[in-house]
Amino acid sequence: MVIIKAVEGWIVLAVGLHEETTEDEITDKFADYGEIKNLHLNLDRRTGFVKGYALVEYETFKEAKNAIDAVNGTKLLGSTLHCDFAFIRAPIGSGGGGTSSERDSRDRASKNRAGGRRRGRSTSPTRKY
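Description of the structure in this document. A quick note: this is a predicted structure, and the numbers were derived from the prediction, not measured.

About the criteria used
Residues numbered from 1 in each chain as written. Predicted model: local features only at pLDDT ≥ 70, side-chain atom pairs only at ≥ 80, totals over all residues. Heavy atoms only, no water. Pairing = 2+ DSSP bridges. Helix = DSSP H or I, 4+ residues; strand = E, 2+ residues; numbered from the N terminus. Axes fitted to C-alpha atoms, helices over the stretch in contact; angles between N-to-C directions. Contact = heavy atoms within 4.5 Å. Core = buried A, V, L, I, M, F, W, Y, C linked by side-chain atoms within 4.5 Å. Buried < 20%, exposed > 50% of the residue type's maximum accessible area, 1.4 Å probe, protein only. Salt bridge = Lys/Arg side-chain N within 4 Å of Asp/Glu carboxyl O.

1. Some thoughts on the sheet that holds strand 4 (residues 53-58)
Phase 1: The sheet built from four strands is open, its strands ordered 3-4-2-7 with antiparallel pairing. Bordering the open sheet on either side are strand 3 (36-40) and strand 7 (82-85), each of which pairs with just one other strand. Averaged over all pairs of adjacent strands, the angle between their axes in this sheet comes to 20°, without regard to strand direction.
Phase 2: Across the face of the sheet, helix 1 (residues 23-30) comes into contact with strand 2 (10-15), strand 3, strand 4 and strand 7 while running at roughly 140° to strand 3.
Phase 3: Running over the sheet, helix 2 (residues 61-71) touches strand 2, strand 4 and strand 7 and is turned about 155° from strand 7.

2. Describing the nonpolar core
Phase 1: Formed by 21 residues in total, the largest nonpolar core has its most connected members in Val 12, Leu 17, Ile 26, Phe 30, Val 56, Tyr 58 and Cys 83.
Phase 2: Put simply, the parts of the chain that give this core at least two residues each are strand 2, helix 1, strand 3, strand 4, helix 2 and strand 7.
Phase 3: The biggest single contributor to this core is helix 2, with four residues.
Phase 4: Ignoring any residue separated from it by four or fewer positions in sequence, one finds Ile 26 in contact with Leu 17, Thr 21, Leu 39, Leu 41, Val 56 and Leu 76.

3. A word on the pattern of salt bridges
Phase 1: Going through the model one piece at a time under the given rule, you end up with three salt bridges.
Phase 2: For Glu 59, the salt bridge identified is with Lys 37, shortest N-O distance 3.4 Å. Residue Glu 59 is found in the loop between strand 4 and helix 2, and its partner Lys 37 is found in strand 3; the two are separated by 22 residues along the sequence.
Phase 3: The partly exposed category is assigned to Glu 59, whose relative accessible area is 43%.
Phase 4: Salt-bridge contacts for Asp 69 lead to Lys 65; the nearest nitrogen and oxygen are separated by 3.2 Å. On the criterion of helical spacing, the pair formed by Asp 69 and Lys 65 is a turn pair, its members being four residues apart in helix 2.
Phase 5: In the salt-bridge network here, residues are joined through shared partners; they are Lys 37, Glu 57 and Glu 59.

Shown next as structure tokens:
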């Protein structure tokens, strides 16, 4: 697992937030570990409640890592927070889609159907001029 820096800083993903969590409560929870550059707390458009996660951005890796280590597993408004880096690259060669033999067999199966081409559910009607 390789941790990747975002364009501007190091982003911590915090999940398991209570639906009534506020930005101030997140800031209070994470501010002890460094200056927070940015905070995203997405709301559900229909209900107006928090979707259950937040993105907290720090300037340095050390600040973000300290926040993850300290906050992960703690409680906020009765909900247990789970924290990790938002951007993690899988190890080289893992591909993330099963073993290479599983991917190869899926590729062969899809090429065998429809003469190697994937078709939609139906063809378009022919034009009559």
